[in-house]
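# Observations on the three-dimensional arrangement
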Amino acid sequence: MQKAQNICNYNIATKSAEQLSWFHVSPCYDSEFTFIDLFAGIGGIRLPFDKLGGECVFSSEIDKFASQTYQANFGELPHGDITKISAESIPKFDVLLAGFPCQAFSVAGKRKGFSDTRGTLFFEIERILEFHKPKCFLLENVKGLLGHDRGKTFEVILDSLENKLGYSVHYKVLNAKNFGMPQNRERVIIVGFSDHNIRFKFPEATNLKTRLGDILADSVDDKYTLSNQLWLNQQARKEKHRAKGNGFGYSLFNENSEYTSTISARYYKDGSEILIEQSGKNPRRLTPREAARLQGFPDSFKLVVSDVQAYKQFGNSVPTKMIEAVAINVLKSLRGEDY
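Keep in mind that this is a model prediction, so the values were computed, not measured. Starting from 1, residues in each chain are numbered consecutively following that chain's sequence as written. In view of the model being predicted, local features appear only for residues whose pLDDT reaches at least 70, and side-chain atom pairs are presented and counted only at 80 or more, with totals across whole chains, interfaces and linings using the full set of residues. Here the side-chain values reflect all heavy atoms present in the structure, with hydrogen atoms and water set aside.

## A few points about the nonpolar core
By size, the foremost hydrophobic cluster in this structure holds 53 residues, and its most contacted members are Phe 49, Leu 138, Ile 189, Val 191 and Val 326. In this description a helix means any DSSP run of H or I spanning at least four residues, a strand means any run of E spanning at least two, and both kinds are numbered starting from the N terminus. Counting residues per element, this core draws most heavily on helix H11 (residues 320-335), which supplies eight residues. Once you skip the residues sitting within four places of it in the chain, Ile 189 turns out to touch Leu 138, Leu 139, Glu 140, His 170, Tyr 171, Lys 172, Leu 174, Phe 202, Met 322, Ile 323 and Val 326. Core analysis: the second largest hydrophobic core is formed by 29 residues, Ile 82, Ile 90, Leu 129 and Ile 157 among them. Joining through side-chain atoms within 4.5 Å is the link that ties buried Ala, Val, Leu, Ile, Met, Phe, Trp, Tyr and Cys residues into a set, and such a set is a nonpolar core. The rule is simple: take the accessible area with a 1.4 Å probe, protein chains only, and divide by the maximum for that residue type; under 20% is buried, over 50% is exposed, in between is partly exposed. Contact criterion: two residues are considered in contact whenever any of their non-hydrogen atoms come within 4.5 Å of each other.

Right, here's the structure in full:
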């Protein structure tokens, strides 16, 4: 099978994140590295690592609808519940990827002085890292993880990664809008290396000018336009909150907006966090394809589930261009290349 372009022929040391972001290519035949994709969702973290020459040797996702989308786009059905999969059954790999859910550590903490992760989903990452001892990992979570339970949750995670498992750990809150994406979406990225001599730094903001109109469709089905009743309800709710002195309620954007607010898994309910202005009409929701574009997924990415499930999936996913920028630096560090 012929590829239009093989990214393995590129020296990523000479390519910026902006230059690489729109190469929609298949993975290289001869992979440079292997990785596993835990809490995989629809593959938002996997996508950049595929593009940069990696081979995914194992994936896991518990949600059946996300797994359907994953299979349609990557040709493999993820394994199911990671809590029921032994570390021994997972093939050897170089890099662990995980956008893990943030469960409360409070119960474990009260019992063990915040030194035990058992009973949380982070423990699944911990036990697989401990068994396989890969070269590197990349974890993604909401910004609130850093302050959860007055910072104690993150202390547990760092202590596990650094002291128990012996990794050199780097973490930083990054924002999608700083990486050429028209969305204000902050996420904490945690990167670790087993070799403490490896140098790593997070990518700098590209400061590319973003415009929402660049990802909006020219023509949209009327079914995405809010009904009169729903629009009246949205306005009444916003006015009620305004009277109380807070800013809750819908957020309205247009094609010239630099970026939107953060799309969430609840977007399917009423679309209130991102409504698009329409001339002579009530505002509308983003379409599922526009939601995919907002998260940096190429138009070749297949949408195979209902609109409701698609909104949930893209709301739960990651800003892929931002992850790609981090992935480029991870690979540079593993190769010992200069930044």
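Picking up where we left off.
## What to know about the sheet that holds strand E6 (residues 186-193)
Spatially, the six strands line up as an open sheet ordered E2-E1-E3-E4-E6-E5, and their pairing is mixed. What marks the edges here is a single partner per strand, and that holds for strand E2 (54-59) and strand E5 (168-175). With strand direction ignored, the average angle separating the axes of adjacent strands in the sheet is 20°. Pairing analysis gives seven bridges linking strand E4 (residues 136-142) to E6, with the strands arranged antiparallel. If you follow Cys 136 over to E6, its bridge partner there is Phe 193. Strands are treated as partners if at least two bridges between them are detected by DSSP. Convention adopted: a line fitted to C-alpha atoms gives each axis, helices being fitted over their contacting stretch, and angles between N-to-C directions are expressed from 0 to 180 degrees.

## Looking at the pattern of salt bridges
Any carboxyl oxygen of Asp or Glu that lies within 4 Å of a side-chain nitrogen of Lys or Arg is treated as forming a salt bridge with it. Under the criterion given, the structure shown has 22 salt bridges. Two residues, Glu 126 and Lys 164, come together in a salt bridge whose shortest N-O distance is 3.3 Å. Within this pair, whereas Glu 126 is found in helix H5 (residues 122-132), its partner Lys 164 is found in helix H6 (residues 152-164), the two being separated by 38 residues in sequence. For Glu 126, a relative accessible area of 4% corresponds to the buried category. On the basis of relative accessibility, which here comes to 46%, the residue Lys 164 falls in the partly exposed class. In this structure, Arg 187 engages Glu 140 in a salt bridge whose closest nitrogen and oxygen atoms are separated by 3.4 Å. Separated by 47 residues along the polypeptide, Arg 187 in strand E6 and Glu 140 in strand E4 bring together distant segments of the chain. What makes Arg 187 buried here is its relative accessible area of 12%. When salt bridges that share partners are traced, they join Arg 237, Arg 266, Asp 270 and Glu 273 into one network.

## Re the packing of H5 against H6
Following both chains from N to C, one finds H5 and H6 inclined at 5°, their axes separated by 11 Å at the closest point. Taken together, H5 and H6 sit at an angle that is classed as roughly parallel. Note on element contacts: H6 touches H5 through Ile 157, Ser 160, Leu 161 and Lys 164, opposite Phe 122, Glu 126, Leu 129 and Glu 130. Counted by class, the contact of H5 with H6 contains four nonpolar, one polar and three charged residues. Each angle gets one of four labels, with under 35 degrees taken as roughly parallel, over 145 as roughly antiparallel, 65 to 115 as roughly perpendicular, and the rest as oblique. Here the nonpolar group is Ala, Val, Leu, Ile, Met, Phe, Trp, Tyr, Cys and Pro; Asp, Glu, Lys and Arg are the charged ones; every other residue, Gly included, is treated as polar.

## Comments concerning the sheet that holds strand E7 (residues 252-253)
As summarised here, the arrangement of the three strands in space is E7-E8-E9, forming an open sheet in which the pairing is mixed. Only two strands of the sheet have a single partner each, and these edge strands are E7 and strand E9 (281-284). Direction of pairing for strand E8 (residues 275-278) relative to E9: antiparallel, over a ladder of two bridges. For Gln 278, the partnering residue across the bridge sits in E9 and is Lys 281.

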